[in-house]
Amino acid sequence: MKKSMWFVMLLLGAGMMMLDVSAAADTGASDMSLGGMPLYSPQLQSRAISMENQTGAKGQGGQAQGGRKGSAAIYNLVKDEVRTVAEIEGPGCIRHIWFTIARRHDPLVLRNLIIRFYWDDQKIPSVEAPFGDFFGMSHGHGVAYECAFFAVPEARGFNCFFPMPFAKKARVEICNDVGEDIGAVFFQFDYTLGDKVDENTPYFHSQFRRTAVTKLREDFVILETKGKGRYMGANIGVIDRFNGIRQWWGEGEVKMYIDGDKDFPTICGTGAEDYVLSAWGLGVWQNQYSGSLLDSNTTKYMSMYRYHCLDPVYFHENIKVTIQQMGYDLLNGAIPEEGNPYYEFYKRGEWDRIKFSGLHERSDDVCATAYWYQLLPTNPFPPFPDRALRSLNIVEEKKEEQSPADEAKKAPKEEPKKVEPFKHPLEK
């Protein structure tokens, strides 16, 4: 592998916190580095693009209104508007991206504001994802969290720290496909110029997929691509269509078919919660490389992430990453009969027993945003989900509010029944 490719791999190897010897050799900089970058480089130049300096040109920032914060944002991104927010001539590397938006707590905005990246002279995007999903959160449900590559402080600021090298050009656009104006959008792209980028440098990619009702025994595809590169991980969301039954959804294994694998994968996990490094069910938690952001024990929404920083997944020809839709129940191997909560799903072909065990196949509502690096060219992505599919069931129905007078007419409330916390069926 040539030095330029090792440059990106080293930056990612330990969450971008290791000595970058190759970068120092290329730039003539000190051998000491911080966050994968040399403490000083005579070759690299620091730049930033925001609405206060829309080209990132040296000495051209903050000029509006005499330099007194005169142009801080796109003050209203109107319905159907497509806006280029960054266009940079290379070679260079985007180091950090920050956004905030006025309607940052609206699931329909987080899911239908679309972000796309185009590298060099390519006409097709290498990144295509809903805004919230790109920043690691499924279903448009904003959550305050931090991991190796993303930070969303107070669920208000949206930060990405994936390094994104480019040789000729980087162009980033946002598209308002919400169906209405969405108000203010603030952003900043921090980048360097002068980076060594050549034909052996892998480029950053990200792609969103969603299937509202998966087909029984057809595993959901998280990523499928050809080329040479490294799979970095994904955030995965499930809307549990069986939620009212309160049975475990996460027995499905994550499988990675690498470099020509056909019927069986090279890498195969043991369950959904195991893939994100937990076990025996899934609560709410977060760390640098994996986490679970929504409590699927109390709601129908699940959002989890896993990033392969210290356990790299390389591919040299192609890769396909999938997750099964499988659960566990307490029917003791029986086929559900009429009146059983599973019966309607079974009758529609959306639930079936796996042999004579508590395991069952199920049709779930699954989405995922994958992240990876690969050499150009980018392979064309599958059709991007339309607004109706992206938006389906991401907002919970609100119950009608009653007036105080109506409340007073109610009979005395019974003592609430104690709800036992969810326990994985296999746990002793």
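Rules used throughout
- Residues numbered from 1 in each chain as written.
- Predicted model: local features only at pLDDT ≥ 70, side-chain atom pairs only at ≥ 80, totals over all residues.
- Heavy atoms only, no water.
- Pairing = 2+ DSSP bridges.
- Helix = DSSP H or I, 4+ residues; strand = E, 2+ residues; numbered from the N terminus.
- Axes fitted to C-alpha atoms, helices over the stretch in contact; angles between N-to-C directions.
- pLDDT = per-residue confidence, 0-100.
- Contact = heavy atoms within 4.5 Å.
- Buried < 20%, exposed > 50% of the residue type's maximum accessible area, 1.4 Å probe, protein only.
- Patch = residues over 30% accessible without salt bridge, like charges linked within 9 Å, V, L, I, M, F, W, Y side chains within 5 Å.
- Areas by Shrake-Rupley, 256 points an atom, 1.4 Å probe, with all protein chains shown as cover.
- Salt bridge = Lys/Arg side-chain N within 4 Å of Asp/Glu carboxyl O.

**Student:** Could you give an account of the sheet that holds strand β25 (residues 351-353), naming the residues involved and the relevant values?
**Tutor:** Within the open sheet, the 3 strands sit side by side as β24-β26-β25. Their pairing is antiparallel. The open sheet is flanked by β24 (326-328) and β25, the only strands paired with a single partner. The average undirected angle you get between the axes of adjacent strands in this sheet is 35 degrees. Both β25 and strand β26 (residues 359-362) contribute to a ladder of 3 bridges, which runs antiparallel. Bridging from a neighbouring strand, W351 pairs with R362 of β26.

**Student:** Tell me about the confidence of the model for the protein, residues and numbers included.
**Tutor:** Residues with a pLDDT of 70 or more make up 85% of the protein, whose mean pLDDT is 88. Predicted confidence for residues 13-25 stays below pLDDT 50, and this span has 36 contacts to residues more than four positions away or in other chains.

**Student:** Please provide a residue-by-residue account of the pairing of strand β5 (residues 92-101), values included.
**Tutor:** β5 sits mainly inside the fold: 9 of its 10 residues count as buried. When β5 meets strand β11 (residues 164-166), the two strands line up antiparallel, connected through 3 bridges. The partner of G92 across the bridge, within β11, is F166. Bridge count between β5 and strand β13 (residues 185-193): 9 bridges; the pairing is antiparallel. The partner of G92 across the bridge, within β13, is L193. In this sheet, strand β10 (residues 158-160) lies alongside β5 in antiparallel orientation, the contact comprising 3 bridges. The residue of β10 that forms the bridge with F99 is F158.

**Student:** Can you explain a nonpolar patch on the surface? Please cite residues and give values.
**Tutor:** Nonpolar side chains collect at one region of the surface, where M32, L34 and L39 lie side by side and expose about 350 Å² of accessible area between them. Tracing the backbone shows L39 in the loop between β2 (37-38) and β3 (45-50). Exposure remark for L39: the relative accessible area of 58% places this residue in the exposed category.

**Student:** Break down the pattern of salt bridges for me, with residues and values.
**Tutor:** In the structure shown here, the tally under the stated rule is 21 salt bridges. D329 is the salt-bridge partner of R353, the closest N and O atoms lying 3.1 Å from each other. Residue R353 is located in strand β25, and its partner D329 is located in the loop between β24 and α6 (343-347); the two are separated by 24 residues in the primary sequence. Like R353, the residue D329 is buried in the burial classification. Linked by salt bridges that have partners in common, R103, D106 and E180 make up one network.

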